[in-house]
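One-letter residues, chain by chain:
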Amino acid sequence: MDKIKFKVNGVEYSVGCDVSSTTSLLKFLRNRLELRGTKYMCLEGGCGACIVSVRKCPGAPVQSVNSCLVSITSCKDWEIETIEKVGNRFDGYHPLQKTLAEKNGTQCGYCSPGWVMAMYSLFKGKGKMTMHEIEQSLGSNVCRCTGYRPILEAFKTFASDAPNRNDILDIEDLTICNKTGKACKGKCDDSDWCFVSEDDVSQSKVINIHLKDDKEWFRVEELDDIFKIFKHKGDDCYMLVNGNTGKGVKPIDEYPRLLIDISGVRALKVYFLDQNLVVGGGTTLTTLTEIFDEIGGQDYFSYLKVFNEHLQLVAHIPVKNIGTIAGNLMIKHQHNDFDSDLFLLFETVGAQVTILCRDGVRKTMTMLDFLEENMRGKVLLNILLPPLNKIIKVVTYKIMPRSQNAHAIVNSGYLYHLDKDNKVIACRIAYGGLSPTFTRATRTENELKGKKLFTNETLRSALNVLNDELVVEDMPPAPSVKYRRTLALGLFYKGLLSLCPSNILNRRYKSGTINLHKARPVSDGRQIFETNPLLWPLNQPIPKVEALIQCAGEATFTDDVPTQPREVHAAFALTTAGLGTIDDIDASCALKIPGTIDFFTSKDIPGVNSFTPGGSIASIENEELLCDGTVKYHGQPLGIMVAETRDIAERAAKLVKVKYSNVRKPVIDIKEAKNNPLRTLIFMDFIAKDIGSDIAKVIKNEITLRGQYHFTMETLVSVSRPTDVGIETRTSSQWMDVIQLMTSRVLKIPQNKIDVIIERLGGAYGLKITRATQVAVGCNMVVQKTHNPCRIAQSLETNMRGVGKRLPCTGTYEIAVNKSGVIQYVNYNLYEDNGYVFSEPLILYTLDVYYNCYNNKRWNYKAFNSTTDTASNTWCRSPGTLEAIVMAECMMEHIAYEMSLDPMQVRLANLDSKHDAIKEMYEKLKDDSNYNERRAAVDKFNKENRWKKRGLRFSCMRWAPVSIPVYLDINLSVFTGDGTIVITHSGVEMGQGINTKAVQICAYFLKVPIEKVQIKANNTTSCPNSFVSGGSITSQNVGLGVQRCCEELLKRLSPIRLLLENPTWEQLIAKAAENGLDLQTHGFVSIVDNQIFDAYGVALSEVEIDVITGEYEIRRVDLSEDVGRSVSPEIDIGQVEGAFVMGVGDLTCEELVYDPNTGELLTNRSWDYYVPQARDIPQDFRIYFRKRSYSNDIVLGSKVTGEPATCLAISVPLALREAFVSARSENGLSSKKWYPIDGPYTVEKVCLATATKLEDYKFY
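As the structure is a prediction and not an experimental result, all values here were calculated from the model. (Residues numbered from 1 in each chain as written. Predicted model: local features only at pLDDT ≥ 70, side-chain atom pairs only at ≥ 80, totals over all residues. Heavy atoms only, no water.)

## Considering the sheet that holds strand β36 (residues 981-985)
Spelled out, the test is: Any two strands between which DSSP finds at least two bridges are classified as paired. The helix count covers DSSP runs of H or I at least four residues long, the strand count covers runs of E at least two residues long, and both are numbered beginning at the N terminus. Axes here mean lines fitted to C-alpha atoms, for a helix over just the part in contact, with angles spanning 0 to 180 degrees between N-to-C directions. Contacts between residues were defined by any pair of non-hydrogen atoms, one from each residue, lying within 4.5 Å.
With respect to topology, four strands assemble into an open sheet ordered β37-β36-β35-β39, the strand pairing being mixed. Because the sheet does not close on itself, it has two edges, and the strands there are β37 (1013-1015) and β39 (1080-1086). Going from strand to strand, the sheet's axes swing by 20° on average, the running direction of each strand aside. Seen against the sheet, helix α30 (residues 1034-1059) touches β35 (967-974), β36 and β39 and runs at an angle of roughly 145° to β39.

Listed below in structure tokens is the structure:
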């Protein structure tokens, strides 16, 4: 029986018929070996949580790979290293882990092992790297918590050019090349590395495994063997497997019957020069860049250097390490709408492809002919890249929604063969991303032939032909036809600008040649705050107490609970209609899939069909656990599929057949819903106390903000098991009590028979307050029905489709102002989109901040709740407050534009005197940021440059926490043997540092080292009836409870202390034990203890945009926040940075796109929903804490930090607005006119806002 053998952390393992086609390396590590330090989220190579380090054969260079993409049966002879081996508490931690922890590069900690493995693999494989190279190499990983700055700062300390460099490599860590005996440089091709035995040389063996799910797996090493398999097994249903990265582009629900691993075929990985450069189809993209780097220095192939610059923007390093040329091109072949960068590059230079057919027949064809070729039973053998004379110029572009790790919106390539007079002898113009069929602009090519290229007349005629020739199709969720057409034309012009001789090109147009992202410098950051050593450990800047175990993968999350005997998996089946009635649900076909167990619908619910506690302050309405027959939105859970594995459950859930009637087009846009009185109800009406009469102008506008997906690195997860009295559930929730309560109501069992345990969350941001309950209760229902342990780990796609998000909203306003911009009256209506039901009263959060920090005596404010046919929207970092503050800031900017006033002076003119802290902070930040000099520099830059524009804008914030019904139990226990302390509390650690602050407060009051204090997981027995961890106030309330525990303990110990002479803590505790003293104390915090203080903030953001493409860079952000006297400054710095970057994502690059006819969410994966990454953050990120700020003694002088800075991110869109207004002014459009933009300021919206016309494109 054939087996695939490999090593994991030095131990050999083998797999064969015991695994399925869906068994990835990730699943093998986590489920079979229980190495759960390797995490996951997207399962498509888009988040980086699953990265491990591998050698593909003995002696090969170390590389990172996404373990979620790699089939375990592809790992023949691999040497795999996971986070557990890199460093741990027993053998010691690795310098990368220690430095990341020390630099506060971990918050929730879920993504941290993936970051460590990415960096570890880079250093092991490449050795020395510069700071710039490190920053460029981390596009593989996402972090939602930190804002990336501390992660980059930690890893850059190991760079070869870092000041005070942190040496990572010693002689034991060096990778030694088995070929040369010297330090590995990682430059050899995979096929050159593997050391094989004599038996392997003498006989090439085909490995054949009949997999557990009835698929057949073959591993071949010779091309002939592929065709032998086709001959004997057929070629009707097969897949050639190499890196398997294609499933990250086009998901695979079920693999075909035959799977042929061709990664060992050396003939597919060769390269050589004849007249052409011939590169094997099995060459990985990493090796391809090395080949291009080598050959690009030779005559006739210098254009390969251009290709390599383009390839830096393709995928990310772990994908490039296993993704191949042929794999990429075959996706393009099967899905013509895939905007393959490789295809574009090859087509640009007229490359050809060789196809190997049966009986050894080879066919060489053009790239376009390849798309038409029937590839059944054939192999893509190699690519032929032609030699090009140096006088032939090649230019390529890739425009993406963010700076890294995204597929192209539009990509393009241009080849020009010019004579000495710059006349066009020949040219090629290629595009991707416009339509599945349009690739070459041949009419434009013909138009240019024989003409002088760098004249305005040639440019104008070519643009007109190109504009007429382009075929741009609507391809949701891709950006609009208008934008992609604009990009195609602009990139053509941009390419010519880059080639135009300097003596011809107008100086103001030269900025059009600059690639903003390529020109980005190494990022920098500063954190300025006060700390008082006399108070330490209170107010001491320290890392998170769990930081090291998080960076080592030792911190356990819900899905890290080991597999339990008889455990089953479950997945929700979702509706596929936006509105309608379910007539019938038929799961019979789905249940025929081997491994399925059962399927449950609302009819199987023994109690209330609701996962929310309707009638409570947190949830006004009941929300269905499973659809009762009336479909509320597309993606609504309608049933629970139970199976032996997660893969089977998810696949079967999609195969459940549902018959619908009365299907209707849903209303999914708040702009439409707000006008429907049946969907919109007034919630609150505030009447102005005054009205002014000095009216110089009346300004009217409407602004719409769209939703935001939380993008928690840990999705919604629950693991439950039956106990001798009821059910125990471990879940990823911000609210323990509601899990217990709703399980009781749904399953009709007493609350005291339900145990809920929560240790930590992999990010939350509000998603896991009530939405996690649906998963937990569903999981518990399966336990009750099947009497088996159950696990639900919700897929990213289901999370995004079936779960609500940040509330979209529309604000309408009419503002009257005098000539100084002082408000005379405001009529302001805010419409919040609650989704299909008004359940969670998040509009409450707007009521105290609808006017932000400005004088509200002349503000009429009406707050409306609206409903749409979408998932019930929910808490999301700074809910309500973000919408309100963003609207107020936009109003101030609008006044400034209309009245030609300085925006900050407008703010100050309308500032409420009660909030003079804003003015103080502004004046300080103005000086600290060198605002006056930078203001002049921005104005000068905009005057001198036509195609790059900058913006510099302030934003102000008064963030007011809402007093929610707090109910928190805190328990402190001291152990008599050594005086160590354990605390349990009702708060939930989700990255905000609640445990660290609790430890610091405890150590401060008890005068013990922080190492003495340990926080344990909370549960509904020790901490019953707990309320939500959210609203940014839980940390300070838990701290208050810890303080009360300490004060009570000290009170008890006081008589004992008096008996002893200056005892140590250990002596004091030992004596107390002798005297029978109770060493456990309890603290309780309720709503009466809430301490509500305004948190103030001012931010200044500077941006630069590319007028032609809409791309932008955040050059610098200076952010000052009033955090009071911070209990833990480094923790609070991280909260501020992370909140700001999440706000930037919401307001710039994170766009939710729905099908307007069905309501289906189309941006439901990491492939097309773009959160900011490491090279999207400010190039220079400076955080200042307000000096000498103090709230009160009860909360030790602190203020909230988790959410407020999200709102200050509006300064980035406002700066982008200044930049594009400058561009509009060049087109003769008034700078006083407010150009409306709804939703995030994406590259599309920025580009279209510049209002650039074809006639604006010139050389001189």
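On we go.
## With respect to the pairing of strand β2 (residues 11-15)
For a regular strand, side chains alternate in direction, first toward one face of the sheet and then toward the other. In the sheet, strand β1 (residues 4-8) pairs with β2 via five bridges, with the strands oriented antiparallel. Counterpart to lysine 7 in the pairing with β2 is glutamate 12. Hairpin geometry of β1 and β2 is characterised by an intervening segment of two residues between the two adjacent antiparallel strands and by a positive phi of about 55° at asparagine 9.

## With respect to the nonpolar core
As a reminder of what qualifies: Residues enter a nonpolar core if they are buried and are Ala, Val, Leu, Ile, Met, Phe, Trp, Tyr or Cys, with the set joined through side-chain atoms within 4.5 Å. Partly exposed residues are those whose accessible area sits between 20% and 50% of the maximum for their type, while under 20% is buried and over 50% is exposed, using a 1.4 Å probe and protein chains only.
Membership of the largest hydrophobic core comes to 284 residues, with the highest contact counts inside it found for Tyr431, Phe492 and Trp859. Ranked by the residues each element gives to this core, the list is headed by helix α25 (residues 881-899), at twelve residues. In this view, tyrosine 431 contacts Leu344, Val410, Asn411, Ser412, Tyr414, Phe438, Thr439, Leu466, Leu470, Ala488 and Phe492; residues no more than four positions away in its chain are not counted. Phe301, Val353, Met367 and Ile392 belong to the second largest nonpolar core, which has 38 residues in total.

## A few points about unusual backbone geometry
Residue proline 476 is joined to proline 477 through a cis peptide bond whose omega torsion reads 10°. Following the sequence through the fold, proline 477 ends up in the loop between α17 (456-469) and α18 (481-499). Cis geometry marks the peptide bond from tryptophan 536 to proline 537, where omega comes out at 15°. Among the secondary structure elements, proline 537 is positioned in the loop between β18 (524-528) and α19 (547-551).

## Brief notes about the side chain of glutamine 1179
Looking at where glutamine 1179 falls in the secondary structure, it is placed in the loop between α32 (1129-1147) and β42 (1180-1185). The exposure class of glutamine 1179 is buried, given its relative accessible area of 11%.

## Details of the pattern of salt bridges
Let me state the cut-off plainly: Here, a salt bridge means any side-chain nitrogen of Lys or Arg that lies within 4 Å of a carboxyl oxygen of Asp or Glu.
Across all of its chains, the model carries 94 salt bridges by this definition. In this structure, the salt-bridge partner of glutamate 153 is lysine 103, at a minimum N-O distance of 3.9 Å. Residue glutamate 153 is found in helix α6 (residues 149-156), and its partner lysine 103 is found in the loop between α3 (95-102) and α4 (112-126); the two are separated by 50 residues along the sequence. On the accessibility criterion, glutamate 153 (25% relative accessible area) is partly exposed. Note on lysine 103: relative accessible area 30%, which makes it partly exposed. Residues joined in a network through salt bridges with shared partners are Glu889, Glu893, Arg907, Arg935, Asp939, Arg953 and Glu1218.

## Details of the sheet that holds strand β25 (residues 680-686)
The strand order across the open sheet built from five strands is β25-β33-β32-β31-β26, with neighbouring strands paired in mixed fashion. Two strands lie at the open edges of the sheet, namely β25 and β26 (697-705), each paired on one side alone. Ignoring strand direction, the axes of neighbouring strands in this sheet form an average angle of 15°. Bridge count for β26 against strand β31 (residues 809-817) is nine bridges, and the pairing is antiparallel. Bridging from a neighbouring strand, glutamate 702 pairs with threonine 812 of β31. Most of the contacts of α25 go to β26, to which it runs at about 140°, and overall it touches β26, β31, β32 (823-833) and β33 (859-866).

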